[in-house]
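Residues per chain are reported as follows:
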Amino acid sequence: MSVDVRAVTESDFPGWLLALQTGFLRPPRVPDELVADRLANADLARTQGAFDGDRIVATFRSFRQEVSTVGGGSLTADAITQVTVSPTHRRQGLLSRMMSSDLAVAKERGDAIATLIAAEYPIYGRYGFGPASWTTEWSVDVRRAGLDPRRTGRPDDGGRIDLADGEEIRKIGPEVYRRLAGVRAGITDRTTRGWELGTGLGYQLDPWTEPFYAVYRSESGEVDGYVAYTADDKWDDAKQPVNTASVRDLIAVTPAAERALWQYVCSIDWITTVRSGYRAPDELLPLLLPDPRAAKTLTYVDMLWVRVLDVVRVLESRTYPVEGSLVLDLRDGDGLAGGRYRLDASPAGASCVRTTDSADLAFDIAELGTLAFGDESAVRLARLGRADELTPGAAARADLLFRTPLRPFSPDIF
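What you see is a predicted model; the values in this text were computed from it and never measured. (Residues numbered from 1 in each chain as written. Predicted model: local features only at pLDDT ≥ 70, side-chain atom pairs only at ≥ 80, totals over all residues. Heavy atoms only, no water.)

A. Summary view of the nonpolar core. Membership of the largest hydrophobic core comes to 40 residues, with the highest contact counts inside it found for Ile113, Val311, Leu315 and Phe373. When residues in this core are grouped by element, the largest group, five residues, is from helix H11 (residues 394-402). Aside from chain neighbours lying at most four places away, what touches leucine 315 is Tyr320, Leu328, Leu343, Ala350, Cys352, Leu368 and Phe402. If you look at the next biggest cluster of nonpolar residues, it comprises 27 residues, including Tyr229, Ala252, Cys266 and Leu289. (Core = buried A, V, L, I, M, F, W, Y, C linked by side-chain atoms within 4.5 Å. Buried < 20%, exposed > 50% of the residue type's maximum accessible area, 1.4 Å probe, protein only. Helix = DSSP H or I, 4+ residues; strand = E, 2+ residues; numbered from the N terminus. Contact = heavy atoms within 4.5 Å.)

Following this line, the structure appears as structure tokens:
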């Protein structure tokens, strides 16, 4: 029997969730509470299933998202999530069918990019996605970090740190998060539901542990950051505390807030280890410690993947540090965004148009997803053989235009 790929209906949804659980190797059960919660927050028109008879054997869902660009702008994205194929139906082209359908609709709808968090690295490059941001997690051995144990909990810059609760974070967090999107590219928006789930409200798939919250206020009283963290309760045989603080969320808009919040977490009595959670790779954390070697890298991995659907909007939406021009020849096997484009950029703005001029650089559309958010080097892509430098020095010129002082950061998995 052939497999039919289509949007699911409300009556299909429990079976779709069962397939999702199966694909992610979670217990294959879908309680009524889970069905009701997920159904209330799903756009069924953007929820695809692959049907083998009456059974759903693959899942795919997308939703509207805003992603910050270099310089504080934003792009509307087709955010792709909950992609699975059941083990009985792998390698039969089901993902390709669902992806092709979704990207075509996203292009027609006018989305500038598509985004996803890749569970496996090799899958999505063949659909035109490239890693636009990377993330790092550190484990800090507080006892060798060199921090002064006599230091008070008050920041040295005139600001202050106050304990808070989830209700306060839901009030002040969204504005702080929006300000962060003006500082770094790659920030995906958080909905009201996201803030609720992140602070313990609503249906939780896993058991909820209430975190501690702390808010940083500058000397003027403005909220410039906050942190959410949990702590375990462990003591060694000598009756000494050996507790680990695990950071769930740390959003800091200013360097002062970033320094103060990390110093706070690393100075809590009884805490001997701090796990940072997923952070921007150029976070201040390791170097703000007197002994940066106390921060051991646990993870360095790709985070947000981007598929460009509208080259003009992507390149015109961001800022550029210098003046320059490039002609890019973009290869797109799916025919969604390929072609030759001329970019004329300066700190005052940018213009991108289709052109027949000779190209300076040529590469696949996936590489534009890595370059446009400022995290990749065109020189490195050329050395890897993933970009063709058709004009001598073009890759170096591209780096001057595209690279950014702060690497993009994507705090949320979706």
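So that's the structure; there's more coming.
B. Local environment of helix H3 (residues 94-109). Under the 1.5 Å per step criterion, the end-to-end length of H3 is 23 Å for 16 residues, consistent within 8% with the ideal 22 Å. Here H3 has its buried residues at Leu94, Leu95, Met98, Met99, Asp102, Leu103 and Ala106. The buried side chains of H3 occupy one side of the element, clustering within an arc of 140° when seen end-on. Residue glycine 110 follows H3 closely and has a positive phi angle near 105°. (Expected span 1.5 Å × (residues − 1). Arc of directions from axis to C-beta.)

C. Geometry of the pattern of salt bridges. A complete count under the given rule lists 36 salt bridges for this structure. Notably, a salt bridge pairs aspartate 37 with arginine 193, separated by 3.0 Å at the nearest N-O pair. On the criterion of sequence distance, the pair formed by aspartate 37 in helix H2 (residues 32-40) and arginine 193 in helix H5 (residues 192-198) is long-range, its members being 156 residues apart. Since its relative accessible area comes to 12%, aspartate 37 is described here as buried. (Salt bridge = Lys/Arg side-chain N within 4 Å of Asp/Glu carboxyl O.)

D. Local environment of the packing of aromatic side chains. All told, the structure shown has twelve aromatic pairs when counted by the stated rule. Judged by centre distance (4.9 Å) and plane angle (75°), the ring pair of tyrosine 121 and tryptophan 305 falls under edge-to-face. Placement of the pair is tyrosine 121 in the loop between strand S5 (113-117) and strand S6 (129-131) and tryptophan 305 in strand S14 (residues 304-308), with a sequence separation of 184 residues. The buried category is assigned to tryptophan 305, whose relative accessible area is 2%. Seen from their ring centres, tyrosine 124 and tyrosine 127 are 6.4 Å apart, and the 55° between their planes marks the pair as tilted. Both residues of the pair, tyrosine 124 and tyrosine 127, count as buried. Among the aromatic residues, those joined into a ring-pair cluster are Tyr124, Tyr127 and Phe129. In this structure, arginine 248 packs its charged tip against the face of tryptophan 208, placed 4.7 Å from the ring centre. (Phe/Tyr/Trp six-rings, centres within 6.5 Å; stacked < 30°, edge-to-face > 60°. Lys NZ or Arg CZ within 6 Å of the ring centre and 35° of its normal.)

Fair warning: the whole summary comes from geometry, so function is off the table for now.
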